[in-house]
Amino acid sequence: MSGRAKRVLVYTAALLTAPLPVMPFGRGTREFALALVPCGLSLALASLYVLRGEWRLGSRGLLGTKLLAASLITLAFGASLLAGSVAYLLTGLFDA
């Protein structure tokens, strides 16, 4: 299996399994925000793995460029999910 195939497999698996911890909880609850942490973390880590692997390649075709762009967008989305859920949890700690 080539390096790109491994990266695509990891990226696809992360995209499919990341929302699973969030599904049983209602939106706006503390449990929902807590479940978003592993969701955002897994998306960010998988897209960072793909981004590093594709960036190291000297020349890439259209497929590599699209994979690079998609992983960059997913990295931003995963990081924002992670930061937003942590911020929500921290603001909830001070509301008493």
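Residue positions are counted from 1 within each chain, in the order its sequence is given. Totals for whole chains, interfaces and linings use all residues, but because this is a predicted model, local features are given only for residues with pLDDT of at least 70 and pairs of side-chain atoms are given and counted only at 80 or more. The basis for every side-chain value is the complete set of heavy atoms in the structure, and neither hydrogens nor water enter the calculation.

**Considering the overall build of the protein chain**
Numbering of helices and strands runs from the N terminus; a helix is a DSSP stretch of H or I covering at least four residues, while a strand is a stretch of E covering at least two. When helices and strands are counted, the protein chain shows three helices and zero strands. Along the protein chain, helices and strands appear, N-terminal first, in the series α-α-α. Radius of gyration: over C-alpha atoms. The globule rule applied is 2.2 Å multiplied by the number of residues raised to the 0.38 power. In terms of C-alpha radius of gyration, the protein chain reaches 16 Å, well past the compact-globule figure of 12 Å for 96 residues. Across its three principal axes, the protein chain shows a C-alpha extent of roughly 55 × 20 × 15 Å. Under the scheme applied here, a residue whose accessible area is under 20% of the maximum for its type counts as buried, over 50% as exposed, and between as partly exposed, the area being computed with a 1.4 Å probe on protein chains only. A burial count over the protein chain gives 29% of its 96 residues as buried. By definition in these notes, contact holds between two residues if any of their heavy atoms fall within 4.5 Å. In the protein chain, once contacts between residues fewer than 6 apart in sequence are set aside, the share between residues at least 24 apart is 72%. Note on areas: Shrake-Rupley, 1.4 Å probe, and residue coverage restricted to the protein chains presented here. Summed over all atoms, the accessible surface of the protein chain reaches about 6200 Å², with 73% contributed by carbon and sulfur.

**Brief notes about the nonpolar core**
We call a set of buried Ala, Val, Leu, Ile, Met, Phe, Trp, Tyr and Cys residues a nonpolar core when their side-chain atoms join them within 4.5 Å. Counting residues in hydrophobic clusters, the biggest one holds eight residues: A18, V22, F32, A35, L36, C39, L43 and L81. In terms of residue count, the dominant contributor to this core is helix α2 (residues 30-56) (five residues). The contacts of L43, once residues within four sequence positions are left out, are A14, L15, A18, T74, F77, G78 and L81.

**Some points on the environment of S85**
Relative to the elements of secondary structure, S85 occurs in helix α3 (residues 62-94). When the C-alpha positions of S85 and W55 are compared, they lie 29 Å apart, and in sequence the two are 30 residues distant. Contact partners of S85, with chain neighbours within four places excluded, come to A33, L36 and V37.

**Thoughts on the pattern of salt bridges**
Salt bridge, as applied in this entry: a Lys or Arg side-chain nitrogen positioned within 4 Å of an Asp or Glu carboxyl oxygen. This structure, assessed with the given rule, holds two salt bridges. Salt-bridge contacts for E54 lead to R7; the nearest nitrogen and oxygen are separated by 3.0 Å. Of this pair, E54 sits in helix α2 while R7 sits in helix α1 (residues 3-17), and the two are 47 residues apart along the sequence. Assessed through its relative accessible area of 0%, E54 is described here as buried. Take R7: its relative accessible area is 11%, and that puts it in the buried class. Members of the salt-bridge network, linked through shared partners, are R4, R7 and E54.

**Describing the packing of α1 against α2**
Here an axis means a line fitted to C-alpha atoms, over the contact stretch when the element is a helix, while the angle between two N-to-C directions is reported on a 0 to 180 degree scale. Two elements in contact, α1 and α2, have axes separated by 9 Å at closest approach and are oriented at 165 degrees. Judged by the inter-axis angle, α1 sits roughly antiparallel to α2. Like other packed secondary-structure pairs, α1 and α2 cross with a definite hand, here left-handed. Contact residues: α1 offers R4, K6, R7, V10, Y11, A14 and L15, while α2 offers S42, L43, A46, S47, Y49, V50, G53 and E54. Roughly parallel means an angle under 35 degrees; roughly antiparallel, over 145; roughly perpendicular, 65 to 115; everything else is oblique. For any helix crossing, the convention is left-handed if the near helix is rotated counterclockwise from the far helix by under a right angle, and right-handed if that rotation is clockwise.

**Some points on the environment of L15**
Looking at the element boundaries, L15 is found in helix α1. For the pair L15 and L43, spaced 28 residues apart in sequence, the C-alpha separation works out to 6.7 Å. Look past the residues within four positions of L15 in its chain and what remains in contact with it is L43 and T74.

In short, shape yes, function no, at least from these values alone.
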